[in-house]
Amino acid sequence: MSASPSPVSSTVGPVRVGQLWQDMAPDMVDRERMLRVVAVTETHAECVIERDTRGTGGRKTRPLALRRFATSAFRLIEDVIDGADQARYARFLAAMTDVQGANPSPVEYARAALRVHNELTAEAAKAHH
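## Considerations on the packing of aromatic side chains
Remark: the centre distance and the inter-plane angle together describe each pair of aromatic rings, the angle taken between the planes. Inspection of the entire model under this criterion finds two aromatic pairs. Ring centres of Trp21 and Phe69 lie 4.9 Å apart, and the angle between their planes is 65°; this geometry places the pair in the edge-to-face category. Taken together, the residues span a long stretch of sequence, with Trp21 in strand β3 (residues 20–23) and Phe69 in the loop between β6 (64–65) and β7 (74–78) at a distance of 48 residues. Trp21 gets classed as buried once you look at its relative accessible area, which sits at 1%. Arranged with centres 4.6 Å apart and planes meeting at 20°, the rings of Phe69 and Phe74 form a pair that is stacked. Of the two residues, Phe69 and Phe74, both sit in the buried class. Among the aromatic residues, those joined into a cluster by ring pairs are Trp21, Phe69 and Phe74.

How each quantity is defined
- Residues numbered from 1 in each chain as written.
- Predicted model: local features only at pLDDT ≥ 70, side-chain atom pairs only at ≥ 80, totals over all residues.
- Heavy atoms only, no water.
- Phe/Tyr/Trp six-rings, centres within 6.5 Å; stacked < 30°, edge-to-face > 60°.
- Helix = DSSP H or I, 4+ residues; strand = E, 2+ residues; numbered from the N terminus.
- Buried < 20%, exposed > 50% of the residue type's maximum accessible area, 1.4 Å probe, protein only.

Dropping the structure here:
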């Protein structure tokens, strides 16, 4: 999925990478299930469960149809403020969700974060030369 196609409007504006949405489905409201958008295509958003009182945090959802964000199915909790910071955050969050296994260790999460940090550092060094 690409992180930069044309944003699709929701009831509060375009659905963009980095936004945090609350799942307002009747069975999810009590779970306080929060979804972070990590990628957007022309028709769908890829999200990571950032919070869920039932412990499913950190997992990717199936791609969600963008048109659902224009309904009462989701409520925007946190919008994107600074594009560069949000893009970096989305890369770190995606790396964390790519850590596999039923019970990943803190070391595995640290390695994933370090890999993204090194990639960002290399990209910044390239941009300055």
